[in-house]
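Fold and contact review
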Amino acid sequence: MQRHDLRVDIDRLTARLDELGAVGSTGDGGCARLALTDDDRAGRDLVVTWMTDLGMDVSVDEIGNVVAVRAGSEDGPPVMCGSHIDTVATGGIYDGNLGVLGGLEVVETLESAGVVTKRPLAVAFFTDEEGSRFAPDMLGSLVYSGALSIEEALDVVATDGARLGDELGRIGYQGPTPCPGIAPYAYIELHIEQGPVLETHGETIGAVTGVQGISWQELTIQGQSNHAGTTPMSYRHDAGFVAASIAVRARELARRMGADQVATVGRLQLSPNLVNVVASKATFTVDLRNTVEKLLQYAEAELSRQVDEVCRSEGVSCSSRRLARFEPVEFDSRIVDLVERTASRLGHSTRRLPSGAGHDAQMLARMCPSGMVFVPSVGGISHNPKEFTSAEHLEAGANVLLGAMLELAESDVLHFDGECEAVAH
Ligand code: HGY
Ligand code: MN
Ligand code: MN
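The structure displayed is predicted, hence computed values, not measured ones. Chains are numbered independently. Their residues run from 1 in the order of the written sequence. As they are written, the chains are lettered A onward and the ligands numbered 1 onward, keeping that order. It should be noted that, the model being predicted, local features are given only for residues of pLDDT at least 70 and side-chain atom pairs only at 80 or more, the latter also being counted only at that level, while totals for whole chains, interfaces and linings use all residues. In computing side-chain properties, one takes all heavy atoms of the structure into account and sets aside hydrogens as well as water.

**Comments concerning the coordination of the manganese ion (ligand 3)**
Here is the rule we go by: Here a donor is any nitrogen, oxygen or sulfur atom (N, O, S) within 2.8 Å of the metal, with 3.2 Å used for Na, K and Ca; water is not among the atoms considered, so some sites may look incomplete. Secondary structure follows DSSP: runs of H or I at least 4 residues long count as helices, runs of E at least 2 residues long count as strands, and numbering of each begins at the N terminus. Residue exposure (1.4 Å probe, protein chains only): buried if accessible area is under 20% of the type maximum, exposed if over 50%, otherwise partly exposed.
Protein ligation of the manganese ion (ligand 3) involves Asp95 (OD), Glu130 (OE), Glu130 (OE) and His383 (NE2), the donor distances falling in the range 2.1 to 2.6 Å. Going along the chain, you hit the donors of the manganese ion (ligand 3) in the pattern D-x34-E-x252-H. A separation of 3.6 Å is found between the manganese ion (ligand 3) and the manganese ion (ligand 2), both of which receive a donor from Asp95. Residue Asp95 is located in the loop between β3 (79-83) and α3 (97-113), and its partner Glu130 is located in the loop between β4 (121-125) and α4 (139-144); the two are separated by 35 residues in the primary sequence. Neither Asp95 nor Glu130 differs from the other in exposure class; each is buried.

Here it is, written out as structure tokens:
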């Protein structure tokens, strides 16, 4: 059979997605495998078993990134695919998992066909992509790419107070392979879109052009606890009111800016969190994103001005802690073209679009020509147990990954002169 005619086995891929999805199952069709928890360990053990069973050479690095390599007929940097297998607490079974298991499906398809590629192939999963327990997000691939030192990363403290290095050791995934990792020949990540664009336009494949900028901060408002019944409104220094006002103003700001601007207050704790006590303290997060760096900077500055305004008028203090800040990233046009060309060759409708979500690919783009393949999310839903992508679309995405990786592994489609064309910040 010609290599171009090879196709994945969708039943095998969906069976693995279901089996991994059952690890940390939340019982409602979703799963929760927060980074470096026992459930994350169980998911890691399962995927490493599959990698080993495929005869791949598996390595674990100092931050727990796992890279499995299938030898090529020649040595040299591998064509890498992958993603993450940690999830948010209300995770679905496709976010991240599809990119890793899609990569294993590519390898198993080649194994079954007895095809050995010129360049080695690698399938990776990166530690703590979600960042919801240990910020920032894409932490493992950030360390892999050399943009965050291993020392700093190991000392990151979780929302539950645990130290990252301690948790990594506890689950047995603090490996010997040094970071930064080897620069792949190229990197390509299959991922669900997690938004409504492909479904709305009736397209099957997204040739992802890049990733929008991400700004995460944690704000702590310090007011004064007081009696909910006896304290006149003019006497109050209500941290709960200030937090709520900032959430409303963030929403208003995104609405007023329009276009790609989004704003989210996703985590909020009040203290003492009692029905009859004016809150003395509020700790909450603000997630701002935009595809244009200058607009993201404007949103940050404008919100900060409004935070000062609200705090002054309520007589409370505010401190803020940066949790994550990534500028927008453009993917290498040669990879974007390759994804689009491969999808068309396979007869799939395709659209170019930026990613609203952060991904490990944006970190690998610092090291090598990188890009992504999107498949539609039903209802645009993600980070929700209802996250769903049809088997037909999963199959289409995995076949585009197969075709693109084969071309990268066999030819000089990149006419690669060793430089990354993409401008990653
Ligand atoms: O937050 C994100 O965009 C990704 O899911 N970590
Ligand atoms: Mn993801
Ligand atoms: Mn996610």
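**Observations concerning the site of ligand 1**
Note the cut-off: When at least one non-hydrogen atom of a residue lies within 4 Å of a molecule or strand, that residue is treated as near it. Two N or O atoms count as a polar contact when they lie within 3.5 Å, although within protein this holds only if one can serve as hydrogen donor and the other as acceptor, and sequence-adjacent residues are included solely when both atoms are side-chain atoms. Accessibility throughout is a Shrake-Rupley quantity obtained with a 1.4 Å probe, and a residue counts as covered only by protein chains that appear here. Lys, Arg, Asp and Glu make up the charged group, whereas Ala, Val, Leu, Ile, Met, Phe, Trp, Tyr, Cys and Pro make up the nonpolar group; the residues left over, Gly among them, are polar.
Inspection of the region around ligand 1 gives Glu129, Glu130, Asp137, Trp216, Arg289, Ala357, Gly358 and His383 as its neighbouring residues. Measuring from an oxygen atom of ligand 1, one finds a side-chain N or O atom of Glu130 at 2.9 Å. The separation between an oxygen atom of ligand 1 and a polar side-chain atom of Arg289 is 2.6 Å. Protein contact buries 95% of the 220 Å² of open area that ligand 1 shows by itself. Residues of the shell around ligand 1, tallied by class, amount to two nonpolar, two polar and four charged.

**Brief notes about the domain arrangement of the protein chain**
What counts, and what does not: Segmentation of the chain into domains, including their bounds, is taken from an automatic or database domain assignment. Contacts are assigned to residue pairs that have any heavy atoms within 4.5 Å of one another. Once two parts are put together, the accessible area they lose, assessed with a 1.4 Å probe and summed over both, is termed the buried area. Salt bridges are defined as contacts in which a side-chain nitrogen from Lys or Arg sits within 4 Å of a carboxyl oxygen from Asp or Glu.
Taken domain by domain, the protein chain comprises domain 1 (3-212 + 328-410) and domain 2 (213-326). One C-alpha centre belongs to domain 1, the other to domain 2, and the line joining them spans 33 Å. The partner domain 2 presents 14 residues to the 18 residues of domain 1 that form the contact. Taking both sides of the interface into account, the surface hidden between domain 1 and domain 2 amounts to around 1,100 Å²; carbon and sulfur atoms contribute 64%. Of all residues in domain 1, Asp137, Gln212 and Pro328 bury the most surface against domain 2, accounting for 52% of the area lost on that side. Linking domain 1 with domain 2 are zero salt bridges, by the criterion used here. Our count for the domain 1 to domain 2 interface comes out at one residue pair in polar contact (both at pLDDT 80 or more). The residue inventory of the side of domain 1 that touches domain 2, partitioned by class, reads nine nonpolar, six polar and three charged.

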